[in-house]
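# A closer look at the structure
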Amino acid sequence: MKPVALFVTCLVDQLFPNVGEAAVRALERAGCAVEFPGEQTCCGQAAFNNGFQEEARVLAQRFLDVFADATAIVAPSGSCADMVREWYPHLFRDTPALLDRARSVASRTYELSEYLVRVLGVTDLGARFPATVTYHPSCHGLRGLGLRDEPLGLLRAVRDLRLVELPDAEQCCGFGGFFSIKFAALSGAMLSAKLDTIEASGAEVVTATDVSCLMHISGGLSRRGSRVRALHLAEILAGS
Amino acid sequence: MSRPVPPGDRPTADPVALFIERAEQVGISVITVGTHDEAIERAVALGRERRVQRAALWDTPEMAPIRDRLRAEGVEILDPRGTFETFAQAEIGITGAEWGVAETGSLVLSAGPGKPQAASLLAPLHLAVLRSDRIVPGLATLLERCGPLPSALVLITGPSRSADIGLVPVLGAHGPTAVTVLLVAG
Amino acid sequence: MPDHPTRIDLIRNTEQALRDASLQRQMGKAMPASRRARADAVAELPEWESLRSTAAEIKDHVLANLEGYLRQLESQVSALGGTVHWASDAAEARAIITDLARSRGVRRIVKSKSMTTEEIFLNPALEAAGAGVVETDLGEYVVQLAGERPSHLIAPVVHKPTEEIADLFVRKLGVPRYERPEELARVAREVLRAEFLAAEMGITGVNFAIAESGTLVIVENEGNARLTTARPRIHVAVMGVEKVLPQLADLSVFLRILARSGTGQRSSVYVSLLTGPRRAGETDGPEELHLVILDNGRRRLLADPDLRAALRCIRCGACQNECPVYQHAGGHAYGSVYAGPIGAVLTPAYEGLERARDLPFASTLCRACADVCPVKIDLPGMLVELRARSVRTGLASWRDRMLVGAWTFFTRSPARFMLAGSLGRLAQRLVARGGKIERLPYPLSGWTAHRAAPVLASTPFRAWWKSRQGEGR
């Protein structure tokens with residue numbers, strides 16, 4: 001059994017714990033022994049993206065301490081995994097000892113679908129999810145981690161799931177962390193464009209690897225009175 | 001840091017065929033003829049078809065027979081050493097072309113004495129005579145072979161165009177509305 | 001940077017842009033079309049990634065050896081009979097060009113599209129010196145008639161629909177109202193033909209300047225740049241220092257990537273390689289050639305290791321076409337001639353973070369721009385760096401400092417994190433209805449202005465995990 005340290009992420013922990021539960025079930029189905037290091041909190045992305053690199057460094061250092069001994073760190077979030085892999089080394093570029101640790105931890109950090117498919121070589125978790133589903137490729141996972149085929153491969157293996165293409169799928173949904181508040185009108189306009197394509201796809205469910213995108217999309221769907229549901233990929237994979 | 005070297009052109013089996021394909025894709029009409037004499041006939045025929053009354057030509061040995069034949073047909077040949085204003089009255093500009101570039105479907109014209117830019121720029125129709133053995137596969141080859149540069153070397157890839165107004169493509173924004181190449185195969 | 005004291009209010013500008021239905025329609029048509037055209041043109045070249053890398057390396061090589069290549073360029077241009085002028089800033093560049101116009105008795109000038117001349121606000125200076133300047137690029141001509149600035153690097157009037165242009169022509173040119181683009185283009189062509197014939201000076205930009213031969217390369221589709229350089233007796237070419245390339249052979253890389261990235265063409269319609277003024281026996285081309293080489297903050301940018309790669313930019317506009325923020329905001333919202341992703345880096349670099357502090361934040365860091373940049377500029381990385389500088393120099397708003405401060409406080413330990421959750425769950429009872437929150441108070445009200453907010457879960461994950469461990473699997 002492969003030991004996996006789950007980095008559940010702050011948003012999942014407090015807002016969408018069912019996604020965390022689903023991620024655990026999916027990993028266990030794939031033959032992993034999941035641990036949850038209780039000292040974890042946040043990867044620091046929100047502070048970092050807002051220019052507060054000092055504060056981000058504090059959180060990043062905590063992360064390095066918490067996950068120091070993990071063989072594999074898996075997060076149900078492309079943006080958090082991307083933060084660790086792409087930006088932790090940058091944050092510690094001036095301190096060689098921490099830089100080494102950052103590089104080491106980064107090399108062991110994965111987004112969930114990436115871990116399942118690329119590391120474990122698993123695409124079929126025996127899941128069943130009877131619905132028409134469309135996939136929104138969250139930007140950090142897509143362009144930061146190169147996630148493209150992995151989530152789609154996993155979705156295609158789900159029984160009774162009808163996968164439909166999302167038009168202009170690679171257009172950003174407009175969340176962007178604090179951007180959604182700072183530039184709320186722009187964020188709303190980009191959201192509106194994303195919702196139009198989701199509705200045009202004919203899907204009953206929109207899914208993604210990041211709850212950040214999904215809560216933004218879901219909030220918009222709600223305002224439109226839409227019946228389309230927004231579910232994290234893990235929730236679909238844990239369906240049976 | 002040593003200077004990075006640009007890659008050469010991808011080899012093409014048939015640069016002439018590629019040139020024709022790509023030129024036509026950008027709206028250049030390509031008429032293939034066997035000999036320069038045929039080219040002269042076609043040029044004159046085109047002038048007749050379009051009822052050309054005033055033509056601007058390069059003043060070169062290659063163009064001389066075309067000039068003489070057009071003159072014989074009653075077409076006014078504008079003075080090649082004349083002013084821009086003179087050339088602006090032309091209905092057709094007839095020039096040679098130094099090179100053709102297959103990759104992009106481009107004509108390459110050099111400026112020089114007797115070879116004003118005005119001839120390929122002002123009239124609504126530009127007719128260029130190009131020998132097929134002057135077609136190179138791509139830009140890298142062109143730049144290798146073009147030698148010491150003239151005051152102006154111009155790559156022409158289609159008629160003048162703009163999509164600035166309402167995103168609608170319009171031809172003849174400032175330059176010619178139509179470009180035709182007489183491709184001499186022989 | 002004394003030219004630009006006031007802060008660009010990007011938030012307000014973008015809100016205004018979003019209320020402009022006509023702008024949204026225009027941009028909503030133009031940007032996706034440009035994206036598709038680029039994607040098709042790039043898909044045709046299996047060597048695309050390798051071309052990008054080579055282009056980036058050539059540009060970096062130039063930047064690392066800039067002064068040497070500029071000196072070589074100067075010496076070649078001079079040997080050809082041209083005159084090179086060095087302008088350290090916008091004011092100096094304006095002075096050089098207006099002095100030239102004055103001393104040569106120039107009353108009428110034609111210009112082809114040049115973002116560099118827009119950057120230095122050249123036209124008003126020339127007008128003040130008594131020379132009439134007419135923009136000859138169709139889009140720039142419209143923009144000039146409208147008294148506006150261009151809104152896109154290569155499509156200056158992308159923000160304006162045909163009907164508005166038709167009205168503008170009626171108002172400014174006294175012509176009847178033409179509905180169709182071909183008719184409007186014909187009007188412009190006739191007006192501008194006369195201008196080309198009357199002008200004593202032509203001013204252009206420079207896409208690339210070849211050091212080994214002193215060749216100036218100008219890329220266009222309309223033919224107005226050819227006319228601008230073939231007819232008037234004086235040609236003034238204005239270039240930023242970073243436009244120099246070592247050798248002619250380098251053009252094979254840059255010409256391939258420029259048109260494909262910007263418009264999806266294999267080549268722009270006209271690429272002019274100009275090497276010196278008119279030669280003996282020639283009847284067109286300028287008698288006098290002047291090359292103005294502009295710094296205006298570029299060398300300062302060159303000395304900035306985190307941002308210097310922005311100088312690789314070849315002004316293709318692909319990043320603008322790809323950016324969803326730019327699509328919705330339009331170029332004018334950025335308050336500068338450099339807009340969109342490249343503008344969010346150059347405008348703070350050239351005009352100062354004080355003035356342009358919001359620009360690097362107007363991005364979700366989606367990386368679409370970085371994916372398409374033909375010279376591989378890491379724009380998102382630069383935005384991150386500029387955001388950090390913004391905070392370090394004390395430009396962060398009180399609200400941001402409060403939000404991030406609170407976030408960092410509550411995430412420093414699991415206990416605090418759980419406390420935050422508990423406090424949040426208490427507070428949300430006031431506003432939560434049916435599992436959602438429709439109205440959040442300041443400083444989060446921007447969220448609920450456009451979407452519902454989720455509620456904090458009654459049992460956070462870590463509580464579930466703990467109980468699960470307690471029960472055993």
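Residues numbered from 1 in each chain as written. Chains lettered and ligands numbered in written order. Predicted model: local features only at pLDDT ≥ 70, side-chain atom pairs only at ≥ 80, totals over all residues.

A few words on the overall build of chain A. If you tally the helices and strands in chain A, you get 13 helices and 8 strands. On C-alpha atoms alone, chain A measures out to a radius of gyration of 17 Å, which is about the 18 Å that the 2.2 N^0.38 rule sets for 240 residues. The principal-axis extents of the C-alpha atoms in chain A amount to approximately 50 × 45 × 25 Å. Relative to its full complement of 240 residues, chain A shows a buried share of 61%. Put simply, 77% of the contacts in chain A that link residues at least 6 apart link residues at least 24 apart. (Helix = DSSP H or I, 4+ residues; strand = E, 2+ residues; numbered from the N terminus. Rg over C-alpha atoms; globule rule 2.2 N^0.38 Å. Buried ≥ 20, exposed ≤ 12 C-beta atoms within 10 Å, placed from the backbone. Contact = placed C-beta atoms within 7 Å.)

Our focus in this paragraph is the overall build of chain B. Helix and strand counts for chain B stand at 6 helices and 12 strands. Over its C-alpha atoms chain B spans a radius of gyration of 17 Å, differing by no more than 12% from the 16 Å that the globule rule assigns to 186 residues. In terms of overall dimensions, chain B has a C-alpha envelope of 60 × 45 × 30 Å along the principal axes. Considering chain B as a whole, with its 186 residues, one finds that 54% of them fall into the buried category.

With that settled, consider the interface of chain C and chain B. If you look at the interface, chain C gives 62 residues, while chain B gives 47 residues. Breaking the side of chain C that touches chain B down by element, the ones donating at least two residues are α2 (21-43), α3 (48-64), α8 (138-145), α9 (162-173), α10 (181-198), α11 (224-230), α12 (251-262) and β9 (270-274) of chain C. Taken together, the residues of the side of chain C that touches chain B sort by class into 28 nonpolar, 18 polar and 16 charged. Sheet analysis places strand β9 (residues 152-156) of chain B next to β9(C), joined by 5 bridges and oriented antiparallel. When the sheet's bridge partners are listed, B:Ile156 is paired in β9(C) with C:Tyr270. (Nonpolar A, V, L, I, M, F, W, Y, C, P; charged D, E, K, R; others polar. Pairing = 2+ DSSP bridges.)

Looking now at the sheet that holds strand β8 (residues 135-136) of chain B. In spatial order, the strands read β8(B)-β5(B)-β6(B)-β9(B)-β9(C)-β6(C)-β5(C)-β8(C); together these 8 strands make up an open sheet with mixed pairing. Two strands in the sheet have a free side with no partner beyond their single neighbour: β8 of chain B together with β8 (244-245) of chain C. In this structure, strand β5 (residues 99-101) of chain B lies alongside β8(B), joined through 2 bridges in parallel fashion. Counted as the bridge partner of B:Val101 is B:Val136 from β8(B).

All names here are of chain C. With respect to burial, strand β7 (residues 234-240) is a largely interior element, 7 of its 7 residues being buried. Here β7 shows two buried faces, one formed by Ile 234, Val 236, Val 238 and Gly 240 and the other by His 235, Ala 237 and Met 239. As judged from the 4 bridges shared by strand β4 (residues 201-204) and β7, these two strands associate in the parallel manner. From the neighbouring strand, Met 201 faces β7, where its bridge partner is Ile 234.

Here the protein chains form 2 pairs of chains in contact, of which the pair with the most contacts is chains B and C. If you take every C-alpha in chain A and every C-alpha in chain B, the smallest gap between them is 21 Å, and the two do not touch.

Our next topic: the environment of A:Gly174. Checked against the element boundaries, A:Gly174 lands in the loop between β6 (159-164) and α10 (179-182). Measuring from C-alpha to C-alpha, the distance between A:Gly174 and A:Leu186 comes to 7.5 Å, with 12 residues separating the pair along the chain. For A:Gly174, the contacting residues outside a window of four places in its chain are A:Leu186, A:Ser187, A:Met190, A:Leu191, A:Lys194, A:His216 and C:Thr364.

To continue, consider the sheet that holds β7(C). Residues and elements named next belong to chain C. The strand order across the open sheet formed by 6 strands is β1-β10-β7-β4-β2-β3, and the pairing between neighbours is parallel. Only two strands of the sheet have a single partner each, and these edge strands are β1 (83-87) and β3 (132-135). Within this sheet the neighbouring strands show an average axis-to-axis angle of 20°, counted without direction. Both strand β2 (residues 108-111) and β4 contribute to a ladder of 3 bridges, which runs parallel. Paired with Lys 111 across the bridge in β4 is Ile 203. (Axes fitted to C-alpha atoms, helices over the stretch in contact; angles between N-to-C directions.)

A few words now on the nonpolar core. The tendency in soluble globular proteins is for nonpolar side chains to be buried as a group. Formed by 296 residues in total, the largest nonpolar core has its most connected members in C:Ala310 and C:Val345. In terms of residue count, helix α11 (residues 184-201) of chain A provides more of this core than any other element does, 8 residues in total. Dropping the residues within four chain positions of it, C:Val345 is found in contact with C:Leu307, C:Ala310, C:Leu379, C:Met382, C:Leu383 and C:Leu386. (Core = buried A, V, L, I, M, F, W, Y, C linked by C-beta atoms within 7 Å.)

Bringing unusual backbone geometry into the picture now. Residue C:Tyr442 is joined to C:Pro443 through a cis peptide bond whose omega torsion reads 10°. Tracing the backbone through its elements, the reader meets C:Pro443 in the loop between β12 (436-437) and α22 (445-450). In this structure, A:Thr9 takes a positive phi of about 80° despite not being glycine. Here A:Thr9 lies in the loop between β1 (2-6) and α1 (10-14). In the Ramachandran plot, C:Phe121 falls in the positive-phi region, its phi being about 50° despite a non-glycine side chain. Within the secondary structure layout, C:Phe121 lies in the loop between α6 (115-119) and α7 (122-128).

With that out of the way, let us pick up helix α19 (residues 379-392) of chain C. All names here are of chain C. Here α19 spans 20 Å end to end across 14 residues, near enough to the 20 Å set by a 1.5 Å rise per residue. By the burial criterion, the buried members of α19 are Leu 379, Pro 380, Met 382, Leu 383, Val 384, Glu 385, Leu 386, Arg 387, Ser 390 and Val 391. Packing partners of the buried residues in α19 comprise α14 (318-322), α16 (340-351), α17 (353-356) and α18 (368-372). Two residues or fewer past α19, Gly 394 is found with a positive phi of approximately 80°. (Expected span 1.5 Å × (residues − 1).)

Residue and element names in this part refer to chain A. Entries for chain A in the domain assignment read domain 1 (2-118) and domain 2 (124-237). Here the C-alpha centroids of domain 1 and domain 2 sit 22 Å apart. Contacts between the two partners involve 28 residues from domain 1, matched on the other side by 24 residues from domain 2. For the side of domain 1 that touches domain 2, the secondary structure elements donating two or more residues are α1, α2 (17-29), α3 (45-49), α5 (78-91) and α7 (112-119). (Domains from an automatic or database assignment.)

Another aspect to go through is the packing of α5(A) against helix α6 (residues 96-107) of chain A. Residue and element names in this part refer to chain A. Where α5 contacts α6, the axes come no closer than 9 Å and their chain directions differ by 170°. One element, α5, and the other, α6, form an angle in the roughly antiparallel class. For the pair α5 and α6, the contacting residues are Val 84, Arg 85, Tyr 88 and Pro 89 in the first and Leu 99, Ala 102, Arg 103, Val 105 and Ala 106 in the second. (Parallel < 35°, antiparallel > 145°, perpendicular 65-115°, else oblique.)

Residues and elements named next belong to chain A. Bridge analysis of strand β5 (residues 128-135) against β6 gives 5 bridges, and the strand direction is parallel. Its bridge partner lying in β6, Arg 128 is registered against Arg 159. Bridge count between β5 and strand β7 (residues 205-208): 3 bridges; the pairing is parallel. Considered in β7, the bridge of Tyr 135 is made with Thr 207.

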